[in-house]
Amino acid sequence: MPEPNKIKGGHLSLGAIRKHCLDHMIHDESTEDDVVKYSRCVALLIIGGCMFPDSESSAVKLMYLSFLKDIDTVTTYSWGSAVLAYLYRELCNTSLVLKKDICGPLQLLQIWVWSRITLLTPDRVQQNQLESDQVADVLQGLPFPPYGAKWKRGFSWVQTVRHSVRTMRNMIDRMVDGQFKWTLYDMDSPELNMYLEGNKNLLCRSACPLIHFDIVEMHRPERCLRQFGMRQGIPPPTLRRIAQTDTTRAIKFGLGHLSQTVCRYVD
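Sequence order sets the numbering: in each chain, residues are counted from 1 along the sequence as written. Confidence filtering applies because this is a predicted model: local features only for residues at pLDDT of at least 70, side-chain atom pairs given and counted only at 80 or more, and all residues used for totals across whole chains, interfaces and linings. Values reported for side chains reflect all heavy atoms of the structure, with hydrogen atoms and water molecules removed beforehand.

1. Comments concerning the overall build of the protein chain
Comment: elements are numbered from the N terminus, with helices defined as DSSP H or I runs of at least four residues and strands as E runs of at least two. Helix and strand content of the protein chain: 10 helices and 7 strands. We call a residue buried when its accessible area falls under 20% of the maximum for its residue type, exposed when it is over 50%, and partly exposed in between, using a 1.4 Å probe and counting protein chains only. Relative to its full complement of 267 residues, the protein chain shows a buried share of 28%. For the protein chain, long-range pairs separated by at least 24 residues make up 61% of all intrachain contacts whose partners lie at least 6 apart in sequence. Of the roughly 18,300 Å² of accessible surface on the protein chain, 56% is carried by carbon and sulfur atoms. Contacts between residues were defined by any pair of non-hydrogen atoms, one from each residue, lying within 4.5 Å. Each accessible area is a Shrake-Rupley estimate made with a 1.4 Å probe; only the visible protein chains count as cover when residues are assessed.

So, in structure tokens, the structure goes:
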């Protein structure tokens, strides 16, 4: 059990989880129960540090523990759609005048920007080829490296601005045709095929709600059809926000308040 001061308001310190993992390393004589407990700790670190981090990335909400109770069912949840919903809501909130910070899986936003907006893309100084050990892993049936792994090699900032928000905003405001890459999704790439498993059109081009507890945001692929190699027409109007609720109100008024908000989008 973590120390009482490591749990505040339903949040558990990530530092306490890291310390627990270091103090209870897995070894050849570890029992299955030890492995499961260790796996839950690692999952919480990933959830709180990468997938759903707060503005300081220092704690993880304990509500995610309910999804780790049965470790064998973890992969059956739609974690990716929840991550996107969380990111979309943070982008929406950060656009408000009084908002001064942002949280969420910003590494996804960074990779998207580097892949699309040439003004902010650093120069790659090495070729993006798989290293020999990665090739060996793929041949042994291990997962193919994710799309973002292409940026792990060295790159240069000589021709690209950084650390100046005002300059970046001015550059984006003055963007011209050709400075945004409407690059087609490579539907035959090993990175995508590993996750899509043949359901390319069903998954990528589905207009559907993305749900993360109290957050419901729409996935609107019809607004960026050029990325799917299709002709872009005038997109239909979109709702500003689907679900206007939060976990604090859900706790105050009961879980029924939260379920009534989300159940409209769940069969």
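2. Structural notes on the packing of aromatic side chains
Here a Phe, Tyr or Trp ring, Trp counted by its six-membered ring, pairs with any other such ring whose centre lies within 6.5 Å, and the pair is stacked when the planes are under 30 degrees apart, edge-to-face when over 60, and tilted otherwise. The final tally for this structure, using the stated rule, is 9 aromatic pairs. For the ring pair Phe52 and Tyr64, a centre distance of 5.1 Å and an interplane angle of 10° mean the geometry is stacked. Placement of Phe52 in the loop between helix H2 (32-51) and strand S3 (59-61) and of Tyr64 in the loop between S3 and helix H3 (79-94) is noted, with a sequence separation of 12 residues between them. Neither Phe52 nor Tyr64 differs from the other in exposure class; each is buried. Taken together, the ring pairs in this structure connect Phe52, Tyr64, Phe67, Tyr77, Trp79, Tyr86 and Phe213 into an aromatic cluster.

3. A short note on the pattern of salt bridges
The working definition used for a salt bridge is a side-chain nitrogen of Lys or Arg within 4 Å of a carboxyl oxygen of Asp or Glu. The tally for this structure, following the rule as stated, stands at 5 salt bridges. Across the salt bridge formed by Lys19 and Asp23, the nearest N and O atoms sit 2.9 Å from each other. Highlighted residues: Lys19 and Asp23, both in helix H1 (residues 14-23), separated by 4 residues, approximately one helical turn. On the basis of relative accessible area, Asp23 is assigned to the partly exposed category, the value being 48%. When the shortest N-O distance is used, the salt bridge between Lys99 and Asp101 registers 3.8 Å. A relative accessible area of 40% places Asp101 in the partly exposed class.

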